[in-house]
Amino acid sequence: MDRADGSFRKRLEEERERLIADMERLVVTEQDNPGYSTHIADDATEVLENTKSHALRQNLQRLLGQVNDALAKFDKGTYGLCEDCGSRIDRARLKALPSATLCIQCQKQRERS
Ligand SMILES: [Zn+2]
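Residues numbered from 1 in each chain as written. Predicted model: local features only at pLDDT ≥ 70, side-chain atom pairs only at ≥ 80, totals over all residues. Heavy atoms only, no water.

S.K.: Hey, could you run me through the coordination of the zinc ion in this one?
M.R.: The expected angle between donors at a tetrahedral four-coordinate metal is 109.5 degrees. At an octahedral six-coordinate metal it is 90 or 180 degrees. In the first shell of the zinc ion, the protein supplies Cys-82 (SG), Cys-85 (SG), Cys-103 (SG) and Cys-106 (SG), at 2.2 to 2.4 Å from the metal. Seen from the zinc ion, its four donor atoms lie at angles of 104 to 114 degrees, and the figure they make is tetrahedral. Going along the chain, you hit the donors of the zinc ion in the pattern C-x2-C-x17-C-x2-C. Classification of Cys-82 as buried rests on a relative accessible area of 5%. (Donors = N, O, S within 2.8 Å, 3.2 Å for Na, K, Ca; no water. Tetrahedral: all angles 85-135°; square planar, octahedral: opposite > 155°, others 65-115°. Buried < 20%, exposed > 50% of the residue type's maximum accessible area, 1.4 Å probe, protein only.)

So, in structure tokens, the structure goes:
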């Protein structure tokens, strides 16, 4: 692992902290607004709010999963390698997206299929 990889790791760790903090904030918000009220008129709005925060949480969990996967790769020594073809992922790509798991070619191929 060279120094550049180390800075990616640091960024991923910071990203993980941020995602966990966001998720905790989301849970607190939900506790402030219990899902089911006795006021029928409010229910539709609350269901909508719950759906939104549910989607948000799922999104955060997905991102957190990606970050954790990327961090696990540092331990395995496979960080920065494409999961499909095994070639090195472009540095510029990792800079833009440290949790990238595919090289740009394989990513394009997946998006096409
Ligand atoms: Zn590839």
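S.K.: What's the story with the nonpolar core in this structure? I'm lost.
M.R.: Side chains of a nonpolar character, in soluble globular proteins, are inclined to be buried together. The biggest cluster of nonpolar side chains holds 19 residues, and the ones touching the most others in it are Leu-12, Phe-74, Tyr-79, Cys-82 and Leu-94. Among the elements of the structure, α1 (3–32) and α2 (40–76) are those that each provide at least two residues to this core. Ranked by the residues each element gives to this core, the list is headed by α2, at six residues. If you count residues domain by domain, this core takes at least three from each of domain 1 (1–79) and domain 2 (80–113). (Core = buried A, V, L, I, M, F, W, Y, C linked by side-chain atoms within 4.5 Å. Helix = DSSP H or I, 4+ residues; strand = E, 2+ residues; numbered from the N terminus. Domains from an automatic or database assignment.)

S.K.: Just to check I follow, could you spell out the environment of Gln-107 for this structure?
M.R.: Along the chain, Gln-107 falls in helix α4 (residues 104–112). Distance in space between the C-alpha atoms of Gln-107 and Asp-84 is 9.1 Å, their sequence separation being 23 residues. Among all residues touching Gln-107, those that are not within four sequence positions of it are Arg-93 and Leu-102. (Contact = heavy atoms within 4.5 Å.)

S.K.: Where do I start with the pattern of salt bridges in this structure?
M.R.: Pairing between side chains becomes possible if they bear opposite charge and their charged atoms approach one another. On inspection of all chains with the given rule, the structure shows nine salt bridges. Where Arg-9 meets Asp-75, a salt bridge forms, and the shortest distance between an N and an O atom there is 3.3 Å. With Arg-9 in helix α1 and Asp-75 in helix α2, this pair connects stretches of sequence that are 66 residues apart. Judged by its relative accessible area of 62%, Asp-75 is exposed. Across the salt bridge formed by Arg-110 and Asp-84, the nearest N and O atoms sit 2.7 Å from each other. Highlighted residues: Arg-110 in helix α4 and Asp-84 in the loop between α2 and α3 (91–96), separated in sequence by 26 residues. Taking the relative accessible area as the measure of exposure, Arg-110 reaches 44% and is therefore partly exposed. Salt bridges sharing common partners tie together Glu-15, Arg-18, Asp-22 and Arg-25. (Salt bridge = Lys/Arg side-chain N within 4 Å of Asp/Glu carboxyl O.)

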